[in-house]
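One letter stands for each residue in the lines below.
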Amino acid sequence: MTSSLDGGPVPPTTYDHGGGVRSLRVPIPDNPLGHTLVYVVDTDRGPVLVDTGWDDPASWDALTAGLTACGTSVTELYGVVVTHHHPDHHGLSGAVREASGAWIAMHAADGAIVRRTRATRPARWYAYMTDKLVAAGAPEEHVAPLRTARRRAFPGLSPALPDREIEPGELLDLPGRRLRAIWTPGHTPGHVCLHLEEDHPDRLPGHGRLFSGDHLLPGITPHIGLYEDPDDATVTDPLGDYLASLERVDRLFAAEILPAHQYAFTHASSRVRELLAHHEDRLAGLRELLAEPLTPWQLAERMEWNRPWEQIPYGSRNIAVSEAEAHLRRLVKRGHAEAVPGSEPVTYVAV
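Nothing here was measured: the structure is a model prediction, and the numbers come from that model.

This brings us to the pairing of strand 6 (residues 103-107). Most of strand 6 sits inside the fold, with five of its five residues counted as buried. Here strand 6 shows two buried faces, one formed by Trp103, Ala105 and His107 and the other by Ile104 and Met106. Strand direction decides the pairing type here: strand 5 (residues 79-81) and strand 6, joined by three bridges, are parallel. Bridge assignment links Val81 to a residue of strand 6, and that residue is Ala105.

Structure, rendered in structure tokens:
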């Protein structure tokens, strides 16, 4: 879940950022974010995309039309670098590869999610979600639809398998360019930002430009929830990963941030500080709420979102509960909260 859009400038359908980098607005169906910014990076072997957009006919049309407006075409693409596996970023990668023969690169952690997603039957996902929500204290009226929906498929259950694995710290295969992978887990376990280690075309102060995916956005906060895996019971700490990754990005001193949503911006360090402060404030607020024992569902009901709980749609409530659980894990890891022994569903209380 993200906060409401901040009313910042809306970029045109295509935009030339200079220095052989352009962006395309690829729509996301029925989503308040509106679109994904897909970047086209010129190389000596042909254009490379950073992300591709949602797998939808209208999105495909926007992508191909945008490439034409940039003076190229999908058939001329050399490669695709995926910041993370979510369908508004990776959805069209398979169609791009089929049309062009381009390679697809992704971090191993998100590549593993893609392989697992393709191999897991929809019924298994529904059963897993049901069990997770019951354990989080969700009421039966919320869980009931999942018990009867197991024969229906989720969108995005057959994402394209990547051809190449992104190694953190490596320079990617973009002939004539210097694009370095920066591992930034949190939004997903294999999220990467991509540091273009070249002088800014407008000579802005700082070190190059950063394709930030969903990690660093100018006016909204990315969803930080649990890393979902039906077959892995490892207790992860996504919020802790995200906060550490923000610090890692801050140390790059990038002159400009090229995010996957909203618009490009230059105040990277101040934005990092805002996000760190936001999550610290939120953790402090949740610790106050936990003066009484609460389940993750009850905590999510009491948290501050971009609208009242009663107005949050069904699917977004699942995302909200996952975000509440990620914050709970951070509090527990810091020794600021603990599970109440013997409670079922489990409740947590501040310590």
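So, next bit.
Another aspect to go through is the sheet that holds strand 9 (residues 192-196). With respect to topology, four strands assemble into an open sheet ordered 8-9-10-11, the strand pairing being mixed. Looking at the sheet topology across the chains shown, the edges are occupied by strand 8 (179-183) and strand 11 (256-259). Strand-to-strand, the axes of this sheet are offset by a mean angle of 25°, without reference to chain direction. With five bridges joining them, strand 8 and strand 9 adopt antiparallel strand pairing. When the bridges of strand 9 are listed, Ala181 appears paired with Leu194.

Before going further, it helps to examine the sheet that holds strand 6. In space, the seven strands of this open sheet follow the order 1-2-3-4-5-6-7, with mixed pairing throughout. Looking at strand neighbours, the two that pair on one side only are strand 1 (14-16) and strand 7 (164-166), the edges of this open sheet. The mean angle between the axes of side-by-side strands here comes to 25°, regardless of whether they run parallel or antiparallel. In the sheet, strand 4 (residues 48-50) pairs with strand 5 via three bridges, with the strands oriented parallel. In the strand pairing of strand 5, Val48 is matched with Gly79.

Another aspect to go through is unusual backbone geometry. Omega for the peptide link from Glu344 to Pro345 comes to 0°, which places this bond in the cis form. Mapped onto the elements of the fold, Pro345 is located in the loop between strand 12 (337-339) and strand 13 (348-350). Of note, Asp51 is a non-glycine position whose phi angle comes to about 70°, a positive value. One can find Asp51 in the loop between strand 4 and helix 1 (57-69). Judged by its relative accessible area of 1%, Asp51 is buried. Positive phi, normally seen in glycine, also occurs at Phe253, with a value near 55°. Its location among the elements puts Phe253 in the loop between helix 7 (238-250) and strand 11. A relative accessible area of 54% means that Phe253 is categorised as exposed.

Take helix 6 (residues 140-147) next. Buried residues of helix 6: His142, Val143 and Leu146, and no others. Summarising the axial view, the buried residues of helix 6 lie within an arc of 85°, below the 170-degree limit, and thus occupy one face. For helix 6, the elements touching its buried residues are helix 5 (122-135), helix 9 (296-302) and helix 10 (314-333).

Calculation rules
- Residues numbered from 1 in each chain as written.
- Predicted model: local features only at pLDDT ≥ 70, side-chain atom pairs only at ≥ 80, totals over all residues.
- Heavy atoms only, no water.
- Buried < 20%, exposed > 50% of the residue type's maximum accessible area, 1.4 Å probe, protein only.
- Helix = DSSP H or I, 4+ residues; strand = E, 2+ residues; numbered from the N terminus.
- Pairing = 2+ DSSP bridges.
- Axes fitted to C-alpha atoms, helices over the stretch in contact; angles between N-to-C directions.
- Arc of directions from axis to C-beta.
- Contact = heavy atoms within 4.5 Å.

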